[in-house]
Amino acid sequence: MTEYASLLALVPLLPLFSALILLFSKLPKLWISIFAVGSVASVALISLFFNVIFWQQSDFVLTASLGTWINIAQLKINFGLYLDPLSLVMITIVSGVGALIHLYSTGFMYQDNDLKRYFTYLNLFVSAMLFLVLADNLLLLYLGWEGVGLCSYLLIGFWYQDRKNNLAANKAFLMTRIGDTAMAIGLFLLFTQLGTLDIQEIQIKAHAVWSLNNDNNTMASLCCLLLLAGAVGKSAQLPLQNWLPDAMAGPTPVSALIHAATMVTAGIYLIARNSQLFQLAPDVLYLVALIGTFTLLLGASAAMVQTDLKRILAYSTISQLGYMFLALGVGAGASAVFHLMTHAFFKALLFLAAGALIYSLHHEHNIFKMGGLLKKLPVVAVSFAIGCAALASLPFTAGFFSKELILAQVIASGHSGLWWAAVLGAFITAFYSARLFFVVFLGQTQLSPNARPTKSMSLALVILSVLSLFGGIHPEGLKSLMPQLDTDGLSTLQHWLPIILPFIAISLAWWLFKTKRFGKPVPAFMQGVHQLVKSGWAFDRLYQTIIVSPFNTLCQVNKDDFIDLFYRLIEKTSGRLHMVFSKFQNGQLRRYNASLILFCILAFAWFISGELML
Amino acid sequence: MLDNMLNTIFIITAAIILISALLTITAHNVVHALLYLVITMLAVSLIFFILGASFAAALQIIIYAGAIMVLFIFVTMMLHQGEKSLAQERHLFHFSTSITALFLSSMLFFELIFMLFLTPTDSANSRVTAPSSAIITVKDIGTQLYGPYSLLVVISALMLLSALITAIHISKSPVTSEIKTKADNL
Amino acid sequence: MIPISWVFMLSLSLFVIGLFGVLARRNLLFILISLELMLNAVVILFIAASRYHSASIANSDGQIMYLLILTLAASEIAVGLSLVVHMYRQHHHLDIDKLNKLRD
């Protein structure tokens, strides 16, 4: 096993070195592309190699160390890498999908003047994410976590000349920062409680410390809550979800990377990685499930009424991440990671296809200005159809297997309310995917494409289509993440409803499309609700009202910093005193003389009055 | 009889001193001021005689009224420009501009008087015995000066030497190099 | 014998007259003259004090202090007058109120 350690070390380092080379060199565009794609593709090959070796094994561990990072007193942090079935799945997704997105980008971004900067960020992004999933301690994970946040900020604001993009980047950075801060506090708490930050040790020690006496479980809940806050921020879940739709400001491949392979999956991974810790806090797990459920309904409903192509996909990502949280919450970590994998395939496919559309249509984002593109762009249309089908979880696509598994796990865990909500979410998901596909590709032609997707873009689309169709192979190695659940006891309704519902939803969408109900203004009495849902349930305005505005008002009120008043008083007093005393310092000898005599007189007067007192 | 006469002489001398001192500091013409100053010095030496310090009286006439006054007069001769200086001086010193000075000095005067004569003092310190009539000869002073007070002689010598060097230095240094306008500094 | 309080009065009056001169005059030469007057007032006090002291059998301390003050006055006048000459050469006046360059 040890002979693979150096190979493992290469996994996060290759993209990092490539990013550094790109940063400090002046290469022609072709070489930039070759370097950037080559590094990530070779990582993808390495992870494929690992997959072949450890095919569907559940109990292998491969470690590698890149040296010591911090070594003070009790705190010893290594640059340690840790490969087990979970991180193997993750690096496969990250590097595989990442490599395809890189390949696609060579076509998509080739005209851009800042190709070098773009690929530097992209490689750094992948490297940070690989560090995150391979870290053997929480601090190194946090390093990757922050690196991912930084790169997302840089990439969302990639076209920095436009102020709107910068604002979106700031928003994403600040919103995730809230979660990151909570997570950092969680790390401190874990270290003070357990004395270690090594992930495996934490799982063991947590069980030793906290499960013995149940009184201490509040501390475990607190740690889990703080980690959850971090995950919620990164994965765009309910209280902190509204940065994700704005993150569409970046180039489309970046959106694909953020939504599919990196960034938002980090939160899922964090909880899955610490699943044993979370099992000590069942309340927090239930909270995870609740958050997931509400988020999936919110995302799905908001996606239903959007008109911007990329915003639809963004809200659908929020909703699908909600499914993963739901699965994590009911203790089905393996299903969550499985859905993460299939979601990475079909969401990357959808985004890349959308990117190809936008590329061909002069950066047009409004779906109602498209239409009838099926014959003009067959490759894009077919791959988009496959992506939508997988999103709607039609039978035998990759999305079907993972979503069915999650629904089965939810019902097996006994939360029937959550199950109904999830099924409703699935219905809405199928509805809006069908709406999206129909509106964009069928009907009247309004805009004709003026550019064809390049070969590299088509190649990436084809590979991802194949993966979305046939990628539903459950990674059996994740068994350890999942408690044994009895999935056989499903009733007929529970078994068949999730399969039938997407078809009903698609039929509904087809009927509405045929009768031209899409794109019409909504009736007056629905106007308010429509606006509310379209703005993502008005969370932006809510935060604006309860946090940003009061803060701005406070800033306005305290513009001169009232604590400064005190210091200004001191300053003014000394200034006044200075003014008084500088009267004596006017450079005139006679004035000095007079003040000398004056003080002599005063001193004598004091002396005399003292004498008279006696 | 002798005491009475001495007292009368003292009062007359003191009156001369004060009047001529007042005239000295209020005169506009430097030459006049110096003449009044000479009168003051001579009267002071008379006071010294009355107090029995004949050596001091002699020195007062020789050095103050002689040497120092000559210095002053030399300088005055160099600087005095007759009527122009007088006009300048009238402009510089006017009684109405010196009310503050008058107030301050009179305050100090009354305070000092108060402290010396009106504050209660303990009897041991205020005992003033009748002075002996023994004459202090120059020989006594010389013995004292080169005996217990020899350090004082050295200090005086050093002081005179440093004053000499300073005076030479100040008057020798060339005038033009002293004035530096801003343009030169730039 | 003259009462000592008379000498005190004389000395104080002379001192205050000199002080008034120092405070009121703006001509450097007059200030120096006033300083001479003040020094003389002090000298009178020294001589009288040594004369009236209880242990004053052939006490010459006052006259020795007088010698010291005399040298002091001579030195002061030497330096002061050279400054007067110097100042007159530079500024062509003796008004010390105009010498306030050290203010800044």
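Residues numbered from 1 in each chain as written. Chains lettered and ligands numbered in written order. Predicted model: local features only at pLDDT ≥ 70, side-chain atom pairs only at ≥ 80, totals over all residues.

- As annotated in an unreviewed UniProt entry, chain B carries the name NADH-quinone oxidoreductase subunit J and comes from Colwellia marinimaniae.
- Check the Subcellular location (unreviewed entry) section of the UniProt entry for chain B; it says "Cell membrane". (UniProt positions renumbered as here; feature names shortened; annotations may be inferred.)

- Chain A goes by NADH:ubiquinone oxidoreductase subunit L in an unreviewed UniProt entry, where it is assigned to Colwellia marinimaniae.

## Examining the overall build of chain A
Then comes step 1: Along the backbone of chain A there are 24 helices and two strands.
Then comes step 2: Per-residue burial over chain A gives 50% buried out of 614 residues.
Then comes step 3: Long-range pairs, those at least 24 residues apart, make up 82% of the contacts in chain A with a sequence separation of at least 6. (Helix = DSSP H or I, 4+ residues; strand = E, 2+ residues; numbered from the N terminus. Buried ≥ 20, exposed ≤ 12 C-beta atoms within 10 Å, placed from the backbone. Contact = placed C-beta atoms within 7 Å.)

## Remarks on the overall build of chain B
Then comes step 1: Regarding its fold elements, chain B presents nine helices and zero strands.
Then comes step 2: Scanning chain B from its N terminus toward the C terminus, one meets helices and strands in the order α-α-α-α-α-α-α-α-α.
Then comes step 3: Of all 186 residues assigned to chain B, the portion counted as buried reaches 22%.
Then comes step 4: Taking the contacts inside chain B whose residues are at least 6 apart along the sequence as the reference set, 51% of them involve residues at least 24 apart.

## Looking at the interface of chain C and chain A
Then comes step 1: On the side of chain A, nine residues touch chain C, which itself brings 10 residues to the contact.
Then comes step 2: Looking at the side of chain C that touches chain A, its residues break down into six nonpolar, one polar and three charged. (Nonpolar A, V, L, I, M, F, W, Y, C, P; charged D, E, K, R; others polar.)

## Observations concerning unusual backbone geometry
Then comes step 1: Here the phi dihedral of Ala236 of chain A falls at roughly 55 degrees; this positive angle occurs in a residue that is not glycine.
Then comes step 2: Residue position: Ala236 of chain A is located in the loop between helix H8 (217-234) and helix H9 (243-246).
Then comes step 3: Ala236 of chain A gets classed as buried once you count the C-beta atoms within 10 Å, which come to 30.
Then comes step 4: At His92 of chain C, a residue that is not glycine, the phi angle is positive and equals roughly 60 degrees.

## What about the nonpolar core?
Then comes step 1: One finds Phe125, Leu326, Ala348 and Leu352 of chain A to be the most contacted residues of the largest nonpolar core, which totals 202 residues.
Then comes step 2: With 19 residues, helix H15 (residues 333-360) of chain A is the single largest residue contributor to this core.
Then comes step 3: Sequence-distant contacts of Leu352 of chain A, that is, excluding residues within four places in its chain, are made with Tyr104, Pro253, Ala256, Ala460, Leu461 and Leu464 of chain A.
Then comes step 4: Membership of the second largest hydrophobic core comes to 68 residues, among which are Ile25, Met41 and Ala43 of chain B together with Ala41 of chain C. (Core = buried A, V, L, I, M, F, W, Y, C linked by C-beta atoms within 7 Å.)

## Details of the environment of Lys534 of chain A
All names here are of chain A.
Then comes step 1: Within the fold, Lys534 resides in helix H21 (residues 527-534).
Then comes step 2: Overall, Lys534 belongs to the partly exposed group, with 18 C-beta atoms counted inside 10 Å.
Then comes step 3: The spacing of Lys534 and Met304 is 230 residues in sequence and 8.2 Å in space, taken between C-alpha atoms.
Then comes step 4: With sequence-adjacent residues up to four places away left out, Lys534 is seen in contact with Ala302, Val305 and Gln306.

## Structural notes on the packing of H15 of chain A against helix H19 (residues 455-470) of chain A
Residue and element names in this part refer to chain A.
Then comes step 1: Relative orientation of the contacting elements H15 and H19 amounts to 150 degrees, with a least axis distance of 9 Å. Relative to H19, H15 is oriented roughly antiparallel. When you trace H15 past H19, the crossing you get is left-handed. In contact with Phe345, Phe346, Ala348, Leu349, Leu352, Ala353 and Ala356 of H15, H19 contributes Met457, Ala460, Leu461, Leu464, Ser465, Leu467 and Ser468. (Axes fitted to C-alpha atoms, helices over the stretch in contact; angles between N-to-C directions. Parallel < 35°, antiparallel > 145°, perpendicular 65-115°, else oblique. Left-handed = near helix turned anticlockwise from the far one by under 90°.)

## Focus: the pairing of strand E2 (residues 75-83) of chain A
Then comes step 1: Pairing of strand E1 (residues 62-72) of chain A with E2 of chain A, which is carried by eight bridges, proceeds in the antiparallel orientation. Across the sheet, residue Ile70 of chain A finds its bridge partner in E2 of chain A, namely Ile77 of chain A. (Pairing = 2+ DSSP bridges.)

## Side note on the interface of chain B and chain C
Then comes step 1: At the interface, 72 residues of chain B touch 62 residues of chain C.
Then comes step 2: Of all the elements in the fold, those that place two or more residues in the side of chain B that touches chain C are helix H1 (2-26), helix H2 (30-50), helix H3 (54-79), helix H4 (83-92), helix H5 (99-118), helix H7 (138-146) and helix H8 (150-172) of chain B.
Then comes step 3: Sorting elements by how many residues they give to the side of chain B that touches chain C places H1 of chain B first, with 11 residues.
Then comes step 4: Here the residues of the side of chain B that touches chain C are counted per class, giving 54 nonpolar, 13 polar and five charged.

## Details of the confidence of the model for chain B
Then comes step 1: In this model, chain B carries a mean pLDDT of 83, and residues with pLDDT of at least 70 account for 84%.
Then comes step 2: Here the predicted complex scores 0.66 on pTM and 0.90 on ipTM. (pLDDT = per-residue confidence, 0-100.)

## Some words on the UniProt feature "transmembrane region" (unreviewed entry) in chain B
All names here are of chain B.
Then comes step 1: UniProt records the feature "transmembrane region" (unreviewed entry) at residues 6-27, 34-55, 61-80, 92-118 and 149-170, using the numbering of this structure.
Then comes step 2: Across residues 34-55, the secondary structure splits into 86% helix and 0% strand, with the terminal C-alpha atoms separated by 24 Å.
Then comes step 3: Helix makes up 95% of residues 61-80 and strand makes up 0%, while its end C-alpha atoms are separated by 25 Å.

## Details of the environment of Cys224 of chain A
Residue and element names in this part refer to chain A.
Then comes step 1: Structurally, the position occupied by Cys224 is in helix H8.
Then comes step 2: In this structure Cys224 comes out as buried when scored by C-beta crowding, with 27 C-beta atoms within 10 Å.
Then comes step 3: Beyond its immediate stretch of four places on either side in the chain, Cys224 contacts Leu277, Phe278, Ala281 and Val284.

## Structural notes on helix H3 (residues 85-108) of chain A
Then comes step 1: With 24 residues, H3 of chain A should reach 34 Å at 1.5 Å per residue; the first-to-last C-alpha distance of 34 Å fits that figure.
Then comes step 2: Among the 24 residues in H3 of chain A, 24 count as buried, and that is most of the element. (Expected span 1.5 Å × (residues − 1).)

## Re helix H17 (residues 398-412) of chain A
All names here are of chain A.
Then comes step 1: Compared with the 21 Å implied by 1.5 Å per residue over 15 residues, the 22 Å span of H17 between its first and last C-alpha is a close match.
Then comes step 2: The element H17 is extensively covered by neighbouring structure, given that 14 of its 15 residues are classed as buried.
Then comes step 3: At the exit of H17 stands Gly414, carrying a positive phi of roughly 95 degrees.

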